[in-house]
Every structure is written in C-alpha cells, then in structure tokens.
Amino acid sequence: MGQKINPLGFRLGTTQSHHSLWFAQPRNYSEGLQEDQKFRNFVKKYVQKNIPLSSATEGIARIEIKKGIEEIEVILFMGFPKLLTENRPQGVEEFKRNFQKEFHYITRKLKLSIKGIAKPYGNPNIIAEFIAEQLKNRVSFRKAIKKAIELSEEADTKGIQVQIAGRIDGKEIARVEWIREGRVPLQTIRAKIDYCSYTARTIYGVLGIKIWIFRDKEEEFVSID
C-alpha cells in the first residue's frame, strides 16, 4: 500500500489544526486565499532580507493567520527570533511597522505577533532549512542528515525520518535516499507527527527534502512581543 497522503491533512481535527482560521462566503473565498498568500510572501521576504548573512537559515517554522470581523492576526513562529534584532534593537517594532504600511489598504485592524520556538530543531521546517543550507555548501548528504538527526534528538523528539530526492551529490541519475531514527508511526492518527516538504536549489539541480518528526509533547513557545 502506498503512503501518499499528507501527514498533516491526515490528522486535521485530532493533533493538527489549520494554519489559516477564517470564514468566507464562496464568492469571496478566492480573495481570502490570495490575501493569505500575500501576508505569507511579505513576511518571508522581509525576514530573508533582514536576517544577517552569517546565519545559516532564517528559521521560519510556520505562519498562522486568524481573521475576525474587525481584526486580522498574523502569527509568525520562528526558531531564532533574536536574529531579527541582531545589531538592530528595534528590529521587531520596525518589522511590525513595515507590515502595517505594506497592507494599509485593508480596512480591518492588522496585528502581527512573533513567537519563538523553545527548541527550534524539533521543528521539521527548520531542520529542512538546515539540511538545504548544508547541501548548498556541498556537504555530503549523509553527513548533513546525520547532523540534523543529532540536533533533533537534542530537542527531545521521539523519532525522525529524513528523505532526499534528486541528483544527490551531483550524480547523473536522480535517486531517493532516506534515513529513519527512532519511531515514526505514520499510520497512527493520534500520534503527533510534524511534516514538511522543502525544495533545495543547488548547483546540480533541485533536490526535494521531506521531514517527518514524531514527538509526544506540544511545542513550547516564547512570546517576543
């Protein structure tokens, strides 16, 4: 049997919730989706532009959007929020001002919140960014995966599976390589599985990275507001 369903969609309503929470009439639904995408694109571009070049990744875990009748709240979850204030003490406030300025035409009140993840390497998006950066720097894929697994184990995860597909190490023929450490029960709906699919653009071509992380505890957050 194939296991082709997205692990997050498979668990909606049990251990997983939507990253966008709002209601719209059918005729306005597409406008709401486009608005969400604009929010996410702006946040990602701003963070990538303002993170110091010395850092390996920008550390964006996910972006949640909650829309009410009078207010729209955008919550940015970051693994390394201090990078926004490095050499710029007012970096967070400046970020919020630029966000308000970019979407000044929206009639509802806009609110941007930033939360830090207590153990960033327990998040699949940050692990995927770490591996992608290593591959771009021509580090052996096995060495990059093993280092990522070590980092995730330090974050108290119960299991992790990493898969890389494409022209690995510049080989002529594309292939798929994967490594699993610990337990990753993909068939158990009540298991807390975090998943991400990430694209790494290297000099050899595009590599696809997939991360599955199993943990029995909820993520711990630190408010940056």
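Residues numbered from 1 in each chain as written. Predicted model: local features only at pLDDT ≥ 70, side-chain atom pairs only at ≥ 80, totals over all residues. Heavy atoms only, no water.

Asks: Which residues make up the UniProt feature "domain: Small ribosomal subunit protein uS3 C-terminal" (unreviewed entry) in the chain, and what values do they have?
Replies: When the UniProt feature table is mapped onto this chain, "domain: Small ribosomal subunit protein uS3 C-terminal" (unreviewed entry) is found at residues 131–213. Within the segment residues 131–213, helix and strand shares are 24% and 42% respectively, and the terminal C-alpha atoms sit 15 Å apart. (UniProt positions renumbered as here; feature names shortened; annotations may be inferred. Helix = DSSP H or I, 4+ residues; strand = E, 2+ residues; numbered from the N terminus.)

Asks: Can you break down unusual backbone geometry residue by residue, with the values?
Replies: The backbone of arginine 138 sits at a positive phi, close to 65°, despite the residue not being glycine. Considering the arrangement of structural elements, one finds arginine 138 in the loop between helix 4 (124–136) and helix 5 (141–154). We classify arginine 138 as exposed; its relative accessible area is 60%. Despite not being glycine, aspartate 169 shows a phi value in the positive range, around 60°. Here aspartate 169 lies in the loop between strand 5 (159–166) and strand 6 (175–182). On the accessibility criterion, aspartate 169 (40% relative accessible area) is partly exposed. (Buried < 20%, exposed > 50% of the residue type's maximum accessible area, 1.4 Å probe, protein only.)

Asks: Can you lay out the sheet that holds strand 7 (residues 193–202) for me, pointing to particular residues and giving the numbers?
Replies: Strand order in the open sheet made by the four strands is 6-5-8-7, with antiparallel pairing throughout. Looking at strand neighbours, the two that pair on one side only are strand 6 and strand 7, the edges of this open sheet. Adjacent strand axes in the sheet meet at a mean angle of 10°, parallel and antiparallel pairs treated alike. Across ten bridges, the pairing between strand 7 and strand 8 (residues 205–214) is antiparallel. Bridge pairing in strand 8 links arginine 201 to valine 206. Contacting strand 5, strand 7 and strand 8, helix 4 crosses the sheet at an angle of about 25° to strand 7. In the packing of helix 5 onto the sheet, contacts are made with strand 5 and strand 6, and the angle to strand 6 comes to roughly 25°. (Pairing = 2+ DSSP bridges. Axes fitted to C-alpha atoms, helices over the stretch in contact; angles between N-to-C directions. Contact = heavy atoms within 4.5 Å.)

Asks: Describe the environment of valine 176, naming the residues involved and giving the relevant values.
Replies: Summarising the element assignment, valine 176 is placed in strand 6. For valine 176, a relative accessible area of 47% corresponds to the partly exposed category. Through-space distance from the C-alpha of valine 176 to that of isoleucine 164 is 5.8 Å; in sequence the pair is twelve residues apart. With residues up to four places along the chain from it excluded, the contact list for valine 176 reads Gln163, Ile164 and Ala165.

Asks: Lay out the packing of helix 4 against helix 5 with the relevant residues and their values.
Replies: Closest axis-to-axis distance for the helix 4/helix 5 pair is 9 Å, and the angle between their directions is 150°. In terms of orientation, helix 4 and helix 5 fall into the roughly antiparallel class. With respect to the hand of their crossing, helix 4 and helix 5 are arranged in right-handed fashion. Residues Ile127, Phe130, Ile131, Gln134 and Leu135 of helix 4 pack against Phe141, Ala144, Lys147, Ala148, Leu151 and Ser152 of helix 5. (Parallel < 35°, antiparallel > 145°, perpendicular 65-115°, else oblique. Left-handed = near helix turned anticlockwise from the far one by under 90°.)

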